[in-house]
Amino acid sequence: MLGSNRDEFFERPTQPAGFQTTGTGKSDIFMPIDLGRPEHGTWMGITRDGRICVLVNYKEPPAKCVGAVSRGVMARDFLEHGVRGKAEEWVHAAELRMADEGFVNVGGFSLLFGDIDGDLWVLSNRGPNKLVKVLNKKSFGDDRHLDNQSILGLSNSAVNEPWPKVLKGVAMFEEVIAQAQSVDEIDDEWLISKVNTVMRTRCGAFAQEQYPNLFIEAMDAPIGDERSLASTIFVPPLKAGDAGLYGTRTQCVVLVKDDGTVIYAEENRRVSFRIEHH
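Keep in mind it's a predicted model, so treat the numbers as computed, not measured.

Student: Sorry if this is basic, but what is going on with the overall build of the chain here?
Tutor: The helix and strand tally for the chain stands at six helices and twelve strands. For the chain, with 278 residues in total, the buried portion stands at 46%. When contacts within the chain are restricted to residue pairs at least 6 apart in sequence, long-range pairs at least 24 apart make up 53% of them. For the chain, the exposed surface amounts to about 14,000 Å²; the carbon and sulfur share of it is 51%.

Right under this line is the structure:
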């Protein structure tokens, strides 16, 4: 079960999620595409063979925020070149494909990636640890059902230094899992609705009617300040000058069922859709 918010400028050109044809000529990857950079990377996706990834920026000063190479290249590279069960091998090969500089010229990022029924890792070019295994298949137990020790939250900081909104989101996911465990049969629509409720939660000053409506103010506020972007799971539309509006532009829920069915449900300010794949 995955819940993901994409916080972005509303006018950044984007191709909605769908099966994409890659260099192999096969349509094996389901992902949206960022049209705002020439590399046409992505921030999340899933493959027919069960690999998944989610990309987030690493918050840092504006001068370092935009790299010479789009972060989205990292997510797309994993989806196109990764192999199930061989995370470390892919990381090494990806560095070689980035030429002599490796990940240095990529803007700060953290990439959650791995197999939907196996190990999950976080790769980052910021912070003390480049590659960390965050969940392994043993975390799921013999019946592959999540327990409260198998929840990971990740935002725009190091995975071991979670922002306040991440801690809040993890606690809310624990409640969703507890509710799901209390019923004999889980309804997909009910579970999607519960995850979306978590991902739509406004926290800190953003839970108030008169929340800060300027992007620069929310971006510059200290991490512990309730006006900071680090405080709220859902970011309402914020004024960003000539760039227009910034906020939570897309919400996505991915469910993986015991029979191998994957449900991908996406909501944005223009359109919502859902796709099931066996």
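Student: Is there a simple way to explain the packing of aromatic side chains in this structure?
Tutor: Tallying each qualifying case throughout the model produces eight aromatic pairs. Geometrically, the ring pair formed by Phe 78 and Trp 90 is edge-to-face, given 5.2 Å between the ring centres and 75 degrees between the ring planes. Taken together, the residues Phe 78 in helix H2 (residues 72-81) and Trp 90 in helix H3 (residues 87-97) connect sequence positions twelve residues apart. Grouping residues by exposure puts Phe 78 and Trp 90 together as buried. Centre to centre, the rings of Phe 215 and Tyr 246 are 4.5 Å apart; their planes meet at 40 degrees, and the pair counts as tilted. Placement of Phe 215 in helix H6 (residues 215-220) and of Tyr 246 in strand E10 (residues 245-256) is noted, with a sequence separation of 31 residues between them.

Here is what the cut-offs are and how they apply
- Residues numbered from 1 in each chain as written.
- Predicted model: local features only at pLDDT ≥ 70, side-chain atom pairs only at ≥ 80, totals over all residues.
- Heavy atoms only, no water.
- Helix = DSSP H or I, 4+ residues; strand = E, 2+ residues; numbered from the N terminus.
- Buried < 20%, exposed > 50% of the residue type's maximum accessible area, 1.4 Å probe, protein only.
- Contact = heavy atoms within 4.5 Å.
- Areas by Shrake-Rupley, 256 points an atom, 1.4 Å probe, with all protein chains shown as cover.
- Phe/Tyr/Trp six-rings, centres within 6.5 Å; stacked < 30°, edge-to-face > 60°.

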